[in-house]
Amino acid sequence: MWKISKEKCLRCGACVGVCPFLALELSEQGIVFFKEKCTLCGICEKVCPVGAIKVSRNDSKKS
Ligand code: SF4
Ligand code: SF4
């Protein structure tokens, strides 16, 4: 699952630049996410300066 907090997002574009699968784009409205391209690699989550992105590979597993 991939989630973005639109309230937190600064639209800096850092996540767009690091996504190896081009699953993110920056538009006037904010980040556009292409679910079918995303592999849930988690790189975008790591580079976001404000922690606006949350990536989890297994939703049913709670730790
Ligand atoms: S989790 Fe990986 S593939 Fe998905 S949007 Fe982020 S960087 Fe791109
Ligand atoms: S890196 Fe974070 S703050 Fe920057 S555009 Fe992406 S989600 Fe928004």
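Preceding this paragraph is the structure being described.
Below is a short write-up of the structure. Small disclaimer: the values here were computed from a predicted structure and weren't measured.

**Side note on the site of ligand 2**
Logical step 1: Residues in contact with ligand 2 amount to 14 residues; listed here are only the nearest, Cys9, Cys12, Ala14, Cys15 and Cys48.
Logical step 2: Its residues assigned to classes, the shell around ligand 2 comprises twelve nonpolar, one polar and one charged.

**So, the pairing of strand E2 (residues 24–27)**
Logical step 1: As defined by bridge partners, E2 adjoins strand E3 (residues 30–33) across four bridges and the pair is classed as antiparallel. Looking at the pairing, Leu24 lines up with Phe33 of E3.
Logical step 2: From the end of E2 to the start of E3, which pair antiparallel, there are two residues.

**Examining the nonpolar core**
Logical step 1: One finds Cys15, Cys19, Ala23, Leu24, Ile31, Cys44, Cys48, Ala52 and Ile53 forming the largest nonpolar core, which totals nine residues.
Logical step 2: Those residues in contact with Ile53 that lie beyond four places of it in its chain are Ile4, Cys15, Cys44, Glu45 and Cys48.

**Points about unusual backbone geometry**
Logical step 1: Backbone geometry at Leu22 places phi at a positive 55°, although glycine is not the residue there.
Logical step 2: Here Leu22 lies in the loop between helix H1 (14–18) and E2.
Logical step 3: With a phi close to 60°, Leu40 is a non-glycine residue in the positive phi region.
Logical step 4: As for its position among the elements, Leu40 is in the loop between E3 and helix H2 (43–47).

Criteria and cut-off values
- Residues numbered from 1 in each chain as written.
- Chains lettered and ligands numbered in written order.
- Predicted model: local features only at pLDDT ≥ 70, side-chain atom pairs only at ≥ 80, totals over all residues.
- Near = placed C-beta within 6 Å.
- Nonpolar A, V, L, I, M, F, W, Y, C, P; charged D, E, K, R; others polar.
- Pairing = 2+ DSSP bridges.
- Helix = DSSP H or I, 4+ residues; strand = E, 2+ residues; numbered from the N terminus.
- Core = buried A, V, L, I, M, F, W, Y, C linked by C-beta atoms within 7 Å.
- Buried ≥ 20, exposed ≤ 12 C-beta atoms within 10 Å, placed from the backbone.
- Contact = placed C-beta atoms within 7 Å.

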